Amino acid sequence: MRKSMTYALAAGALMGFVSLSSAQAADASASMLADTCNGCHGPDGVSQGPAAPTIAGMNKFYLVESMKAYKAGTNRKSSIMQRIAKGYTDSEVEAIAGYFSAKKFGRVAMQNTDAGAASKGQAIAKDLCESCHEKEGYAAEDYPVLAGQMMPYLKNNLMDFKSGDRSIDNNPNMSDKEKRKKKRALEDLMAKHGDDGMAAVLNFYASRK
Amino acid sequence: MSKMNRRNFLKAGAATGAVLAAPSLANAGSHGGKHGKIVIVGGGVAGATTARYLKIGNAELDVTLIEPKASYHTCFMSNEVLEGSRKLSQIEQSYDGLKSMGVKVVKDSVKSIDAKGKKVMTAGGSTFGYDRCVVAPGIDFKVDGFADVGDFSMITHAWKAGPQTATLRKQLEAMPDGGTFCIVAPPNPFRCPPGPYERASLVANYFMHHKPKSKVVIIDRKDKFSKMGLFTGAWKNLYGYGTDKSIIEWRSAASTGGIDSISAKDMTVETLANGKEKFDVINYIPAQKAGNIAATAGLTDAKGWCPVDKTTFESKMHAGVHVLGDASVATKMPKSGYAANSQGKVCAAAIVALMAGKEVGTPSYVNTCYSIAGDDYGFSVAAVYKYNAEKDIIAGVKGAGGLTPGDASAEMRRREVEFAYSWYNNICKDTWG
Ligand SMILES: Cc1cc2nc3c(=O)[nH]c(=O)nc-3n(C[C@H](O)[C@H](O)[C@H](O)COP(=O)(O)OP(=O)(O)OC[C@H]3O[C@@H](n4cnc5c(N)ncnc54)[C@H](O)[C@@H]3O)c2cc1C
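These numbers come from a predicted model, not from an experiment.

Draft legend 1. How the structure looks around the overall build of chain A. The secondary structure content of chain A amounts to nine helices and zero strands. Its helices and strands in sequence order give chain A the pattern α-α-α-α-α-α-α-α-α, from N to C terminus. Among the 209 residues that make up chain A, the fraction classed as buried is 54%. Sequence separation of at least 24 residues holds for 70% of the intrachain contacts in chain A that already meet a minimum separation of 6.

So this is what it looks like as C-alpha cells:
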C-alpha cells in the first residue's frame, strides 16, 4: 500500500501535478461532509422550502438521533433519508450534526400560512406543545426547532406520529415520562381539536418569522 | 489504510514533496491578487457551484466565470415546462447571486485554452490568465450519421434547457388530439439517465388531461434504462402501460433493430423493424460527448469525455485545468445536476487548499435524483460516495443509497414530489446563490 502511494506520488511529480490526494482516505472534514447535504436542505442547511426541513441551528443531539433513527429504520420512516443516512459512519454523523447545529436557523422560505389559523394554533400550542417546544418553538435546547420550519414537513411528521411511522414508543432517546407526555399531548391535540386544530398548530409554527 | 499511515505519509511527503507543492505556491497570485486567480469556463451547475464554493472557501480568491448566456435555464424541472405545469421563467436562474459574492461574471464564450501558458481566450477577443482553470461546459452532441435535423428548429433536442424547451412545448401545444409524439432516447453515456423517461411520463400526463387520444412513443437506442422498474410501474398505474390503451409505448433498441434515418423535412423516423414512420412531433436526443470546448482544449479521451483525478477533478490531460460536471469521467457518479453540484464543492475545496499550499482533504460526494412521473407520483435514486483509490472510482458506500422501493405507498410517492420541489429550490440556491 505504502509502496503504491509512493509510486502515485512520484508519477504525479513527473506529470507536474500538485495533487497529493491520490493517497487514501483520512476522514473528510465536517464542512466537506455537510456541504453535500445542502443540495436538498439548502445552503448551510437553511431550506428554501417547500418541504425539506431546515437543519441549521438544530440541537446537535437531535440531528444525531435523527440520522441514527433513519439509519436503523426502526422508529422513523422516510422517503429518502433512510437511504442517505446509511452512507455515513457514526463519527461522520457526529461531524455533520456538529456542523449544522452551529449554523443559524434561517427563516427564508416563502410559506403560505393562514393568519387566522395561526392565531388559533398559537393558543393550542401554548396549551399542548409549549412545555417541550419552548419559546413558541424557537428553542433548540432539548427539542427540535419548530418555529419557521417548513409546513409540509411539519405536517408529514405529525401524520407519521399519528400513524406510528414515527414511533414514540420505539424512540430509544426518550424517557418513559417523556414518551407519556408527548403521546398525551398528541392525543389531546387530535381528540380535542381535530384536523382543524392540527392545521392551526401547523400554521402557527410555520408562520413564525 | 489507517489514518496513522496517511498522516505519516503526508509528513514524509511534506519533506520530499516540497517540489510538488512548489508549483502551486509559486503560481499563487501570479495572475491576479495575492491569493490567486481562478477562471471558470461555463456557468451551469458545476461551474456556478465551484465559483460559489471557492468564494465561500476563500473570499480573497479572484474568481472569474465566463458564460455566453445572460441567464441559465435549468434542465431539471424543464420536463414540467413541457408538461405545462411550470413556466419557462420558473426554471431561469440569474448570475446576480454570484456577482454579489464578488465573482466576476463575464458574458462571453471561451474559444481556446492555453494550458501551458495558463490563459483562456474568448470569442469576444479577451484573454484571461489563470492560476487554475475550471472547465465545466456540460455536453454537446455527437453527429449521428442517420439524422438530418439541421439546426434543431423543427426537430428539437431540448436537452439543454431554454429556447429548445419553449419550442418543444409550443409544438406539443399545437399538436392535434390524436397525434403521436416521438422521443428518440440516446445511447449511454448521456446527461440525466432518467430524463427521457421522466419526459415521456410528464408529456403523457399532459396528453391524458388535455389530449387524451394522443400517444408518446419512445424509440430507444438501449435495451434498458435508469429506474426502469419504477417508470414502467408508474406507467402501468397512471397511463395504461401494457394495455392497448396505453398512452406510452417504449421500444427497445433490440425491438426496432436500430434507427436508419430521422428527417426534419417529412417528420419521420425510420427503423429496421418499422420502416419509415411519420410523427406529429419528434424530440430527438442525440448521442453525447463533453461540451465542445473540452475537445478543443485537448481535455478529452477517445470517447469524447474528460478523464480527471476524481479527488480534485484536475484533468489527466493538462495540469492546472480542472474538469467536472457532465463533461468529466466521474465514474460511478451519473451525469446529473446533483452530481455536478457535489463535484463543484469537492473541486472548490481542492483548489482552495492547493492555492494556499495546503494538502487536499478527503472528498465526499452525494447524488440524489428525483423523477416525477405524474400528479403526486415521484421517486428517487440516491447514493453517498467515497473515493476508492484502488479502483480509481467514486464508489457508492455499500448498503446505502438506492431506489425508492417499488411498493412505496401512495403517500411516500406524494412526498417524493414535495421533496423534488424542495430539492429544486435548494440546489438552485446552493448553486447560483
Ligand atoms: C430534461 C432533463 C432533466 C434533468 N433533470 C435532472 C434532475 O432532476 N436532477 C439532476 O440532478 N439532474 C438533472 N438533469 C441533468 C443536469 O441538468 C445536468 O447533469 C447538469 O446541468 C450538468 O451540469 P454541468 O455544469 O456539467 O453542465 P451545464 O449545466 O449544461 O452547464 C454548462 C454551461 O457551460 C456553458 N458553456 C459551454 N461551452 C462554453 C464555452 N465554450 N465557454 C463558456 N461557457 C460555455 C453553457 O452555456 C452552460 O451554461 C436533467 C437534464 C435534462 C436534460
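Draft legend 2. Local environment of the pattern of salt bridges. What the rule picks out here adds up to 34 salt bridges over all chains. Between B:Arg86 and B:Glu80 there is a salt bridge, and its shortest N-O distance comes to 3.0 Å. For B:Asp266, the salt bridge is made with B:Lys276, and the minimal N-O distance between the two is 3.6 Å. Here B:Asp266 is found in the loop between strand E15 (259–263) and strand E16 (268–271), whereas its partner B:Lys276 is found in strand E17 (residues 275–278), with 10 residues between them in sequence. Linked through salt bridges whose partners overlap, the residues forming this network are A:Asp160, B:Glu411, B:Arg414, B:Arg415 and B:Glu418.

Draft legend 3. Spotlight on the side chain of B:Ser422. Among the secondary structure elements, B:Ser422 is positioned in helix H12 (residues 410–432). Apart from the residues lying within four places of it in its own chain, the contact partners of B:Ser422 are A:Cys40, A:Gly49, A:Pro50, A:Ala51 and A:Ala52.

Draft legend 4. The arrangement of helix H4 (residues 60–72) of chain A in detail. All names here are of chain A. In this model, H4 (13 residues) spans 18 Å end to end at C-alpha, consistent with the 18 Å of a helix rising 1.5 Å per residue. In this structure, the buried residues of H4 make contact with helix H5 (81–85), helix H6 (90–101) and helix H8 (151–163). At the N-terminal end of H4, a side-chain oxygen is found 2.7 Å from the backbone nitrogen of phenylalanine 61, two or three residues along, and the residue is asparagine 59. Once H4 ends, the next one or two residues include glycine 73, with phi positive near 70°.

Draft legend 5. Here's a closer look at the site of the ligand. Residues and elements named next belong to chain B. Taken together, 33 residues lie near the ligand, and Ala46, Glu67, Tyr72, Arg191 and Gly337 sit nearest. The contact in question runs from an oxygen atom of the ligand to an N or O atom on the backbone of valine 45, over 3.2 Å. Against a free-state accessible area of 990 Å², the protein chains account for coverage of 93% of the ligand. Taken together, the elements giving at least two residues each to the shell around the ligand come down to helix H3 (45–57), helix H4 (78–83) and helix H11 (337–355). Top element by residues in the shell around the ligand is H11. It accounts for three residues.

Draft legend 6. Representation of the sheet that holds strand E13 (residues 215–220) of chain B within the structure. Residue and element names in this part refer to chain B. Within the open sheet, the four strands sit side by side as E14-E13-E12-E18. Their pairing is parallel. The open sheet has two edge strands, strand E14 (248–251) and strand E18 (281–284), and neither has a second partner. Averaged over all neighbouring strand pairs, the angle between strand axes comes to 15°, with direction disregarded. Here strand E12 (residues 180–185) pairs with E18 via four bridges, running parallel. Following the sheet pairing, phenylalanine 181 is matched in E18 by valine 281. Where helix H6 (residues 163–174) meets the sheet, it contacts E12 and E18, and its direction lies at approximately 155° from that of E18. Along the sheet, helix H7 (residues 195–210) makes contact with E12, E13, E14 and E18, crossing E13 at roughly 165°.

Draft legend 7. Spatial organisation of the packing of aromatic side chains. What the rule picks out here adds up to 18 aromatic pairs over all chains. When the ring of A:Tyr99 is compared with that of A:Phe100, the centres are 5.5 Å apart and the planes differ by 90°; the resulting orientation is edge-to-face. Arranged with centres 6.3 Å apart and planes meeting at 85°, the rings of B:Tyr377 and B:Phe379 form a pair that is edge-to-face. The residues B:Tyr377 and B:Phe379 share a single accessibility class, namely buried. An aromatic cluster of three or more residues is present, and its members are B:Tyr197, B:Phe225, B:Phe231, B:Trp235, B:Tyr241, B:Trp250, B:Tyr377 and B:Phe379. The ring of B:Tyr424 has B:Arg86 lying over it, and the distance from NZ or CZ to the ring centre is 5.0 Å.

Draft legend 8. Representation of the state of the cysteines. Scanning the entire structure with this criterion turns up zero disulfides over all chains. In this structure B:Cys306 is not part of a disulfide, and its nearest cysteine sulfur, from B:Cys133, lies 12 Å away.

Draft legend 9. Seen up close, the pairing of E16(B). All names here are of chain B. Of the strand pairs in this sheet, E15 and E16 are connected by four bridges, and their pairing is antiparallel. Counterpart to isoleucine 262 in the pairing with E16 is valine 269. Hairpin connection from E15 to E16: four residues lie between these consecutive antiparallel strands, with methionine 267 at a positive phi of about 55°. Bridging between E16 and E17 involves four bridges; their strand directions are antiparallel. Within the sheet, the bridge partner assigned to threonine 271 lies in E17 and is glycine 275. Hairpin connection, E16 to E17: the antiparallel pair is bridged by three residues.

Draft legend 10. Spotlight on the packing of helix H7 (residues 115–128) of chain A against helix H9 (residues 176–206) of chain A. All names here are of chain A. Where H7 meets H9, the closest approach of the two axes is 7 Å, and the angle between their N-to-C directions is 135°. Judged by the angle between their axes, H7 and H9 are oblique. In the packing of H7 onto H9, the handedness of the crossing is left-handed. Where H7 abuts H9, its residues Ala117, Ala118, Lys120, Gly121, Gln122, Ile124, Ala125 and Leu128 lie against Ala185, Asp188, Leu189, His193, Asp196, Gly197, Ala200, Val201, Asn203, Phe204 and Tyr205. Per-class residue counts for the contact of H7 with H9 are 11 nonpolar, five polar and three charged.

Draft legend 11. Region of the structure containing H7(A). All names here are of chain A. When the terminal C-alpha atoms of H7 are compared, their 20 Å separation across 14 residues agrees well with the 20 Å that a helix rising 1.5 Å per residue should span. Where H7 is buried, its residues contact H9. For H7, the N-terminal capping position is held by aspartate 114, with its side-chain oxygen 3.0 Å away from the main-chain nitrogen of glycine 116.

Draft legend 12. Region of interest: a positive patch on the surface. All names here are of chain A. A grouping of Lys177, Arg180, Lys181 and Arg184 is seen on the molecular surface, where their side chains present a positively charged patch. Summarising the element assignment, lysine 177 is placed in helix H9. By relative accessible area, which is 61% here, lysine 177 ends up exposed.

Draft legend 13. A look at the side chain of B:Glu418. As for its position among the elements, B:Glu418 is in helix H12. At 3.1 Å, the side chain of B:Glu418 forms a polar contact with the side chain of A:Asn156. Not counting the four nearest positions on each side in its chain, B:Glu418 is found in contact with A:Pro50, A:Ala51, A:Pro152 and A:Asn156.

Cut-offs and rules
Residues numbered from 1 in each chain as written. Chains lettered and ligands numbered in written order. Predicted model: local features only at pLDDT ≥ 70, side-chain atom pairs only at ≥ 80, totals over all residues. Heavy atoms only, no water. Helix = DSSP H or I, 4+ residues; strand = E, 2+ residues; numbered from the N terminus. Buried < 20%, exposed > 50% of the residue type's maximum accessible area, 1.4 Å probe, protein only. Contact = heavy atoms within 4.5 Å. Salt bridge = Lys/Arg side-chain N within 4 Å of Asp/Glu carboxyl O. Expected span 1.5 Å × (residues − 1). Polar contact = N/O pair within 3.5 Å; in protein donor to acceptor, adjacent residues only side chain to side chain. Near = heavy atom within 4 Å. Areas by Shrake-Rupley, 256 points an atom, 1.4 Å probe, with all protein chains shown as cover. Pairing = 2+ DSSP bridges. Axes fitted to C-alpha atoms, helices over the stretch in contact; angles between N-to-C directions. Phe/Tyr/Trp six-rings, centres within 6.5 Å; stacked < 30°, edge-to-face > 60°. Lys NZ or Arg CZ within 6 Å of the ring centre and 35° of its normal. Disulfide = S-S within 2.5 Å. Parallel < 35°, antiparallel > 145°, perpendicular 65-115°, else oblique. Left-handed = near helix turned anticlockwise from the far one by under 90°. Nonpolar A, V, L, I, M, F, W, Y, C, P; charged D, E, K, R; others polar. Patch = residues over 30% accessible without salt bridge, like charges linked within 9 Å, V, L, I, M, F, W, Y side chains within 5 Å. Lys, Arg positive; Asp, Glu negative; His and termini not counted. Charge placed at Lys NZ, Arg CZ, Asp CG, Glu CD.

The quantities given are spatial measurements derived from coordinates; they are silent on function.
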